[in-house]
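# Structural overview for review
What follows is the residue order along each chain.
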Amino acid sequence: MDPKLRRVYSRCVVEVSRGLLPDLVNGYYDYLIIDLASITYGVNDPRSFLVNMRLAIDYGYLEPRVLFVLDYSKPEHRGVAGSRIKWLRDLGLEYVLADNEPAEVRAARLCLERPRCIVLSRDYDPLTIINEMLQPIKVSERAWVLRKIAINRDCLAKHGIP
C-alpha cells in the first residue's frame, strides 16, 4: 500500500474489539483467511505457527474453516512459498496461491466469496475491499492478542478516497 494511503487508512480505522483469536472468531465466522506471509513475518518459527494452527483446528479450539493465502506473484515470493507449501501439505492445511496480486488483497477477495468470513493480516490492504479484519497487536509466549478493526468509509471519503 502506498505510504500516503496507509496513513489515511490508519486514521480511519476503528477498533471494534480485542482478544484472543478463538474469542474473536468462534461463533461469529465460518471462515478465517490468513495472509500467511504477513502473519509469519512476526513469528520466530513459522512452521511451529502452522503446527499450532493444525492442533487448534484438530482439538476444536478454532471453529472456522481456515484458509491460508501465500504470496506467489514474484520470484522472490515463490522461493519462500515453496517451503510453506510443503509444510501446509504435510499438515493438511488448506491454502491458495496469490499469483496475480498481493496475498492480503487475494485474501480479502476470497473473503467476499464466503459467508461470515474475516481476514487475519498485519496490513491494512484488506480494508480496501472488505470492511473489517483482524490484526495481531501483541504476541506473548502463550497467545496472540488481536484486534478486530473496521474501516470508517465516511472518514475515507472525507480524505478523498472513494
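Now for a quick tour of the structure. What you are looking at is a predicted structure, and each value in this text was computed from that prediction instead of being measured.

Rules used throughout
- Residues numbered from 1 in each chain as written.
- Predicted model: local features only at pLDDT ≥ 70, side-chain atom pairs only at ≥ 80, totals over all residues.
- Heavy atoms only, no water.
- Core = buried A, V, L, I, M, F, W, Y, C linked by side-chain atoms within 4.5 Å.
- Buried < 20%, exposed > 50% of the residue type's maximum accessible area, 1.4 Å probe, protein only.
- Helix = DSSP H or I, 4+ residues; strand = E, 2+ residues; numbered from the N terminus.
- Contact = heavy atoms within 4.5 Å.
- Pairing = 2+ DSSP bridges.
- Phe/Tyr/Trp six-rings, centres within 6.5 Å; stacked < 30°, edge-to-face > 60°.
- Lys NZ or Arg CZ within 6 Å of the ring centre and 35° of its normal.
- Disulfide = S-S within 2.5 Å.

Attention now moves to the nonpolar core. One recurring pattern in soluble globular proteins: nonpolar side chains tend to sit buried together. One finds Leu 32, Phe 49, Leu 50, Phe 68 and Leu 134 to be the most contacted residues of the largest nonpolar core, which totals 28 residues. Secondary structure elements with two or more residues in this core: α2 (21-25), β2 (31-35), α3 (36-40), α4 (46-58), β3 (65-71), α5 (75-91), β5 (117-120) and β7 (144-151). Here this core takes five residues from α5, the largest share from any one element. Those residues in contact with Leu 50 that sit more than four places away from it in its chain are Leu 36, Phe 68, Trp 87, Leu 88, Leu 91 and Leu 93. Counting 13 residues, the second-largest nonpolar core is a separate cluster that includes Val 69, Leu 110, Cys 111 and Cys 117.

Looking now at the pairing of β3. With respect to burial, β3 is a largely interior element, six of its seven residues being buried. One ladder, built from five bridges, connects β3 with strand β4 (residues 94-98); its direction is parallel. Across the sheet, residue Asp 71 finds its bridge partner in β4, namely Ala 98.

The next thing to look at is the packing of aromatic side chains. Using the criterion set out here, one finds zero aromatic pairs in the structure. Stacked on the ring of Tyr 31, the Lys or Arg Arg 114 has its end atom at 5.6 Å from the ring centre.

This brings us to the state of the cysteines. Evaluated as defined, the whole model comprises two disulfides. Across the disulfide, Cys 12 is cross-linked to Cys 155 (sulfur-sulfur distance 2.1 Å). Measuring handedness by torsion sign, the sulfur bridge of Cys 12 and Cys 155 sits at about -70 degrees and is left-handed. Taken together, the residues Cys 12 in helix α1 (residues 3-12) and Cys 155 in helix α7 (residues 153-158) connect sequence positions 143 residues apart. Residue class for Cys 12 comes out buried when judged on its relative accessible area of 1%. Overall, the relative accessible area of 13% leaves Cys 155 in the buried class. The disulfide partner of Cys 111 is Cys 117, and the S-S distance across this bridge is 2.1 Å. Linking Cys 111 and Cys 117, the disulfide has an S-S dihedral of approximately -115 degrees and is accordingly described as left-handed. Of the two residues, Cys 111 and Cys 117, both sit in the buried class. Should the bonded cysteines of the protein chain be numbered as they appear in the sequence, the pairing reads 1-4, 2-3.

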